[in-house]
Amino acid sequence: MTLGDAVLLEIEDDGPATITLNQPDRRNAFSTEIHEGFVAALEEIEGSDARCVVIEGAGGAFSAGGDVKRMTSALEEDLPADDRAQSLEQRTKEMMTTLVEFPIPTIAAIDGPAVGAGANLAIGCDVQLASDRSVFGFVFRQVGLSVDAGTSYLLPRIVGENVAKELVLTGDIFGADRAKELGLVNHVYGAEEFDEKVDEFVEKIVSGPPIALRHANRLVGEGLEKSLGQALTDEAIAQGIVFDTDDHAEGVNAFLEDRDPEYEGR
């Protein structure tokens, strides 16, 4: 399925959905076409039977973040600061909020540069898998800008406030191993085996109980914003819902029968 040429979407029933940013000549920067196609792809997936979402970039780059060509055109526009802020908020808020709050688990498959807002797209996913040729950087200062696309929310929650400030103040570019040390990615694989390792990881997710995993993913994502008491209450409510699913019964029976469960998402 194609949502315009800038974003490609493939959905496997009861399997993964794959979103491919597909403007490699622009290193998959956040063009209007990619923004609109990405949001439309997530909307399409939400109504499907997909069990997880894999987000990747075509042509050797995950995403270069801000569209510098668009920035060049914007310099020629005589717009008040409030209008510029409103336009940016509308684009980034829709894209990043939809991603971060997405109910189906999301996996960033990062093979190549993920910088600026592209790095935020990666860390906005639930899990990050990177090849050893990937590079990262919160490089807004390189084009004389502050931060956007959720940097101030996402980054300090992962690396801590002081490290987040270092990364945005210096704009340093760093490799996948450093990203893993900082907790920005879960796993780093050799480029030659990257696709195979991503497929293996995705299979672990799609073979699990979809309803239970969606609740678990949501609860962990919300955990930092809650008190312990609220977290325990919400966990109990979710368990009450999941307890009545066929998948729970299948999981128990499979355990007792010493076999692999076959979850159907109901």
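Our structure is the block above this text.
A brief structural summary. Keep in mind it's a predicted model, so treat the numbers as computed, not measured.

A few words on a negative patch on the surface. Residues D132, D177, E192, E193, D195, E196 and D199 make up a contiguous surface patch of negative charge. A total of three residues in the negative patch trace back to one element, the largest contributor, which is helix α8 (residues 194–206). Assignment of secondary structure puts E192 in the loop between β9 (187–189) and α8. Judged by its relative accessible area of 70%, E192 falls in the exposed class.

A word on helix α6 (residues 161–170). Along α6, the positions that sit buried rather than exposed are V163, A164 and L167. An end-on view of α6 places all buried positions within 105° of arc, on one side of the element. Counted as exposed and oriented over 90 degrees from the buried face of α6: E161, N162 and L169. Tucked inside the fold, the buried residues of α6 contact α5 (151–159), β8 (174–175) and α7 (176–182). Positioned one or two residues after α6, G171 has a phi angle of 65°, which is positive.

Turning to the sheet that holds β8, a few remarks are in order. Pairing in this open sheet of three strands is mixed, and the strands run β5-β7-β8 from one edge to the other. The open sheet has two free edges, formed respectively by β5 (113–115) and β8, since each of these has just one partner strand. As paired strands, β5 and strand β7 (residues 135–137) are joined by three bridges and run parallel to one another. Residue A114 lies in a different strand from β7, and its bridge partner there is F136.

Bringing the layout of surface pockets into the picture now. Put simply, the largest pocket is a space of about 1200 Å³. If you go around the largest pocket, you meet 37 residues; those closest to its centre are V100, G124, D126, G221 and E222. It is helix α9 (residues 210–222) that provides the largest number of residues to the lining of the largest pocket, a total of nine residues. Along the lines of polarity and charge, the residues of the lining of the largest pocket split into 19 nonpolar, ten polar and eight charged.

On to the packing of α9 against helix α10 (residues 228–243), then. In the contact formed by α9 and α10, the axes pass within 10 Å of each other and the chain directions differ by 170°. As summarised for this structure, α9 and α10 are arranged roughly antiparallel, according to the angle between their axes. Facing I211, A212, H215, R218 and L219 of α9, the residues of α10 in contact are D234, E235, A238, I241 and V242. Of the residues that constitute the contact of α9 with α10, the class distribution is six nonpolar, one polar and three charged.

Our next topic: the packing of aromatic side chains. Enumeration according to the criterion identifies one aromatic pair in this entry. With a centroid separation of 6.2 Å and 20° between ring planes, the pair formed by F136 and F174 is classed as stacked. Taken together, the residues span a long stretch of sequence, with F136 in strand β7 and F174 in strand β8 at a distance of 38 residues. Across the pair, exposure class does not vary: F136 and F174 are buried alike.

The next subject is the sheet that holds strand β6 (residues 127–131). Spatial strand order, β1-β2-β3-β4-β6-β9: six strands in an open sheet with mixed pairing. Edge positions in the open sheet fall to β1 (7–11) and β9, since each of these has one partner strand only. The average angle at which neighbouring strand axes cross in this sheet is 20°, direction not considered. Two elements, β1 and strand β2 (residues 16–21), share five bridges in a ladder whose sense is antiparallel. Looking across to β2, one finds that V7 is bridged to L21. Sheet contacts for helix α1 (residues 32–46): β1, β2 and β3 (52–57); angle to β1, the most-contacted strand, approximately 15°.

Attention now moves to the pairing of β6. Along β6, five of the five residues are buried, which leaves the element largely enclosed by surrounding structure. Sheet analysis places strand β4 (residues 106–110) next to β6, joined by four bridges and oriented parallel. The residue of β6 that forms the bridge with A108 is Q128. Here β6 pairs with β9 via three bridges, running parallel. Bridging from a neighbouring strand, L129 pairs with H187 of β9.

Let us look at the pattern of salt bridges. Pairing of side chains with opposite charge becomes possible as their charged atoms draw close. Under the defined criterion, the tally for this structure stands at twelve salt bridges. Residue E250 is joined to R259 by a salt bridge in which the shortest nitrogen-to-oxygen separation is 2.7 Å. In this structure R259 comes out as partly exposed when scored by relative accessible area, which is 34%. Bridged by salt links that share partners, the residues R218, E222, K226 and D234 form one connected network.

Reading the values: the criteria
- Residues numbered from 1 in each chain as written.
- Predicted model: local features only at pLDDT ≥ 70, side-chain atom pairs only at ≥ 80, totals over all residues.
- Heavy atoms only, no water.
- Patch = residues over 30% accessible without salt bridge, like charges linked within 9 Å, V, L, I, M, F, W, Y side chains within 5 Å.
- Areas by Shrake-Rupley, 256 points an atom, 1.4 Å probe, with all protein chains shown as cover.
- Salt bridge = Lys/Arg side-chain N within 4 Å of Asp/Glu carboxyl O.
- Lys, Arg positive; Asp, Glu negative; His and termini not counted.
- Charge placed at Lys NZ, Arg CZ, Asp CG, Glu CD.
- Helix = DSSP H or I, 4+ residues; strand = E, 2+ residues; numbered from the N terminus.
- Buried < 20%, exposed > 50% of the residue type's maximum accessible area, 1.4 Å probe, protein only.
- Arc of directions from axis to C-beta.
- Contact = heavy atoms within 4.5 Å.
- Pairing = 2+ DSSP bridges.
- 1 Å grid on protein atoms, 1.4 Å probe; cavity = no way out; pocket = protein on both sides within 12 Å on 5 of 7 lines; lining within 4 Å.
- Points joined across faces, edges and corners; volume = space filled by probe spheres on them.
- Nonpolar A, V, L, I, M, F, W, Y, C, P; charged D, E, K, R; others polar.
- Axes fitted to C-alpha atoms, helices over the stretch in contact; angles between N-to-C directions.
- Parallel < 35°, antiparallel > 145°, perpendicular 65-115°, else oblique.
- Phe/Tyr/Trp six-rings, centres within 6.5 Å; stacked < 30°, edge-to-face > 60°.

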